[in-house]
Amino acid sequence: MKGRTGGLTAKMSNVTLMIIAFIKNDQLVRKADQNKISLAEIFMANSQQLGGLEDGKVTKMYFHKFLFMEQVCFAFNLMGLGISVIQYDLEYEEITDDDPMKDISLWLLWLVFVSSCLLVFLTVYRYQAHIEWMKSRKSMAPGDQIWHTDDWLPMLIELAVYCIIPLPFTKGIRVNFYNSIQGSEAYIKVNEILALIMICRVIYLYRTLLTLTFWYNNRTQRVCNLYACESNYMFVAKSLLRTMPYTALFIALISLICIFGYAVRICERPLSRNDSSSNNLGLFENALWNIIITITTVGYGDFYTRTDLGRFVIFIVCVLGIFVVSVMVVTLIESLKVTSLEGHAITVLERVALREKLKHEAALVIILTAKAALGYKNGTLTRKQHHQLIVRLKQTLINFKMTHRQHKTKQDENSLNEEITNQFSLLKNDFKQLMERQQVLISTNNLIYQKLGFENNKSVVNI
């Protein structure tokens, strides 16, 4: 009976503690509503009352908020680019007023305009979420705003890029120009130029893809701070090139070919209105082939750009081509380098091969010596045969000496490596023993302090 009463009392105590915790949590939430502050700040200030919520969890919450805004901006950016590609093909064709496709093209322009306005607003909110994440990590002061950081200039540039779009107000406006290579007048529409500039948005698509990798998160920030290096998008790109170089380069190369092929098509397609029979880069497949032979620094010359805008795009492709090819060569060289373990394996196998070769050369020397001795003793060899046998024996002896020297050199190299490894092992053992002695001395000092009455001495530090 007494045991049952004790168990009931313990259960009642637990229920009472749960009710008290619930009331305290409810008071904290009401306090947040009254003071108009975020719940995250209340969590950080009252983490013990809320079940021991750590600062890392709050930082993780802010990071997921920033990551969500990054993905939303990515979706709107990609949607705007896709609609712009469809609208460009519709506006390139000369659509009459009676054609219903004209209304579709206009509606697509309005859709691009509205999505870009929303994207501008979401981008500002995305930078604000990034600042809140940095504040939760104590990387920024609590009172810092966007203009107090280095992010204000990239944000303004990004907003400016998002504002350059094909507009419904500029639909149908043409810009005439004379092409000296074709020898005729041509025109390009304003919205086509704006669609060409709009391709710059692709940079921020790459940024989101880098953000979604393993190399950009809270853990990465902590590790980089530990080793005093900056965790930015360049660090993510370097990590990808180190861990998965061929995959990263292949994705970058294919995407660059498609993007710049589309850009060259926009630049050169106005000339196809006059003559589409020769050097027609208005066809997407021809534009892609032109970019492939340019970015790989081949340059057949079967297709070439004829407009100033097209030549500017090809200039950028040439610079990127040099960079991509150089990175691919460096990656190939790095992948072909022999690691230390592979080097040890190769050395052992070389020693085995040289030992087999040494046995073969020694056996050949013995056989030739025996033949020469028996032939000289029995007189069965002519002078010419004897001379040839002696020459062959000398050459075999030379080969034997060279093989023996190579085998000894490999043994010396392996012995040196083993000696260095053994020395490091001895140093490691000595250091371990030294640390154990140091720990014993610290324990002895603590006992002495305790006997002397200095139990609360703070100068003693345990290793």
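Residues numbered from 1 in each chain as written. Predicted model: local features only at pLDDT ≥ 70, side-chain atom pairs only at ≥ 80, totals over all residues. Heavy atoms only, no water.

(A) Inspection of the overall build of the protein at higher detail. Secondary structure assignment for the protein yields 14 helices and two strands. Looking at the protein as a whole, 32% of its 463 residues qualify as buried. When contacts within the protein are restricted to residue pairs at least 6 apart in sequence, those whose partners lie at least 24 apart make up 68%. For the protein, the exposed surface amounts to about 30200 Å²; the carbon and sulfur share of it is 65%. (Helix = DSSP H or I, 4+ residues; strand = E, 2+ residues; numbered from the N terminus. Buried < 20%, exposed > 50% of the residue type's maximum accessible area, 1.4 Å probe, protein only. Contact = heavy atoms within 4.5 Å. Areas by Shrake-Rupley, 256 points an atom, 1.4 Å probe, with all protein chains shown as cover.)

(B) Seen up close, the pairing of strand S2 (residues 184-189). Examined bridge by bridge, strand S1 (residues 174-179) and S2 share six bridges and lie antiparallel to one another. Counted as the bridge partner of Val-175 is Ile-188 from S2. In this antiparallel pair of consecutive strands, S1 and S2, the connection spans four residues, and Gly-183 shows a positive phi of 70°. (Pairing = 2+ DSSP bridges.)

(C) Region of interest: the packing of helix H11 (residues 284-295) against helix H12 (residues 308-336). Running from N to C, H11 and H12 point in directions that differ by 50°, and their axes come no closer than 8 Å. Comparing their axes, H12 and H11 come out oblique. Counting all contacts with H11, which are made through Asn-290, Ile-291, Thr-294 and Ile-295, the residues of H12 involved are Ile-314, Val-317, Cys-318, Gly-321 and Val-325. In terms of residue class, the contact of H11 with H12 is made up of six nonpolar, three polar and no charged. (Axes fitted to C-alpha atoms, helices over the stretch in contact; angles between N-to-C directions. Parallel < 35°, antiparallel > 145°, perpendicular 65-115°, else oblique. Nonpolar A, V, L, I, M, F, W, Y, C, P; charged D, E, K, R; others polar.)

(D) Molecular detail of unusual backbone geometry. Its identity as a non-glycine residue notwithstanding, Ala-228 has a phi of 55°, on the positive side. Turning to its location among the elements, Ala-228 is positioned in the loop between helix H8 (218-226) and helix H9 (233-243). Judged by relative accessible area, which is 74%, Ala-228 ranks as exposed.

(E) The arrangement of the nonpolar core in detail. With 31 residues, the main nonpolar core has Ile-199, Val-264, Ile-291 and Val-313 as its most contacted residues. For this core, the secondary structure elements donating two or more residues are helix H3 (55-92), helix H4 (101-136), helix H6 (190-198), helix H7 (202-211), helix H10 (245-272), H11 and H12. Tallying contributions element by element places H10 first for this core, with nine residues. Looking at which domains feed residues into this core, each of domain 1 (49-212) and domain 2 (244-337) gives three or more. In this structure Val-264 touches Leu-281, Ala-287, Asn-290, Ile-291, Thr-305, Val-313 and Ile-314, once residues within four positions along its chain are discounted. Leu-67, Met-134, Ile-146 and Met-155 belong to the second largest nonpolar core, which has 26 residues in total. (Core = buried A, V, L, I, M, F, W, Y, C linked by side-chain atoms within 4.5 Å. Domains from an automatic or database assignment.)

(F) Geometry of the UniProt feature "transmembrane region" (unreviewed entry) in the protein. UniProt feature "transmembrane region" (unreviewed entry): in the numbering of this structure it lies at residues 66-86, 106-127, 193-216, 244-263, 283-300 and 312-333. Segment residues 66-86 splits into 100% helix and 0% strand. End C-alpha atoms: 31 Å apart. Summarising residues 193-216: 67% helix, 0% strand, and an end-to-end C-alpha distance of 35 Å. (UniProt positions renumbered as here; feature names shortened; annotations may be inferred.)

(G) Region of the structure containing the side chain of Asn-217. Along the chain, Asn-217 falls in the loop between H7 and H8. Of the polar contacts made by the side chain of Asn-217, one reaches the side chain of Thr-220; its length is 2.7 Å. (Polar contact = N/O pair within 3.5 Å; in protein donor to acceptor, adjacent residues only side chain to side chain.)

(H) The arrangement of the packing of aromatic side chains in detail. For the structure on display, the rule yields twelve aromatic pairs. Their ring planes at 85° and their centres at 6.2 Å tell us that Phe-113 and Phe-169 sit as a pair that is edge-to-face. Linking Phe-113 in helix H4 with Phe-169 in the loop between helix H5 (152-163) and S1, this pair joins segments that are 56 residues apart in sequence. On the basis of relative accessible area, Phe-169 is assigned to the exposed category, the value being 55%. Relative to Trp-215, the ring of Phe-214 has its centre 5.1 Å away and its plane inclined at 80°; by these criteria the two rings are edge-to-face. An aromatic cluster of at least three residues, connected via ring pairs, comprises Phe-63, Phe-66, Trp-133, Tyr-216 and Tyr-233. Above the ring of Tyr-187, the side-chain terminus of Arg-174 is found at 4.1 Å from the ring centroid. Over the ring of Tyr-92 we find Arg-269; its NZ or CZ atom is 3.8 Å from the centre of that ring. (Phe/Tyr/Trp six-rings, centres within 6.5 Å; stacked < 30°, edge-to-face > 60°. Lys NZ or Arg CZ within 6 Å of the ring centre and 35° of its normal.)

(I) Looking closely at the confidence of the model for the protein. Model confidence for the protein is summarised by a mean pLDDT of 81, while 81% of its residues fall at 70 or above. Note on residues 1-6: pLDDT is under 50 here. Beyond four places in sequence and across chains, it has zero contacts. The low-confidence segment residues 456-463, where pLDDT is below 50, has eleven contacts with residues more than four positions distant or belonging to other chains. (pLDDT = per-residue confidence, 0-100.)

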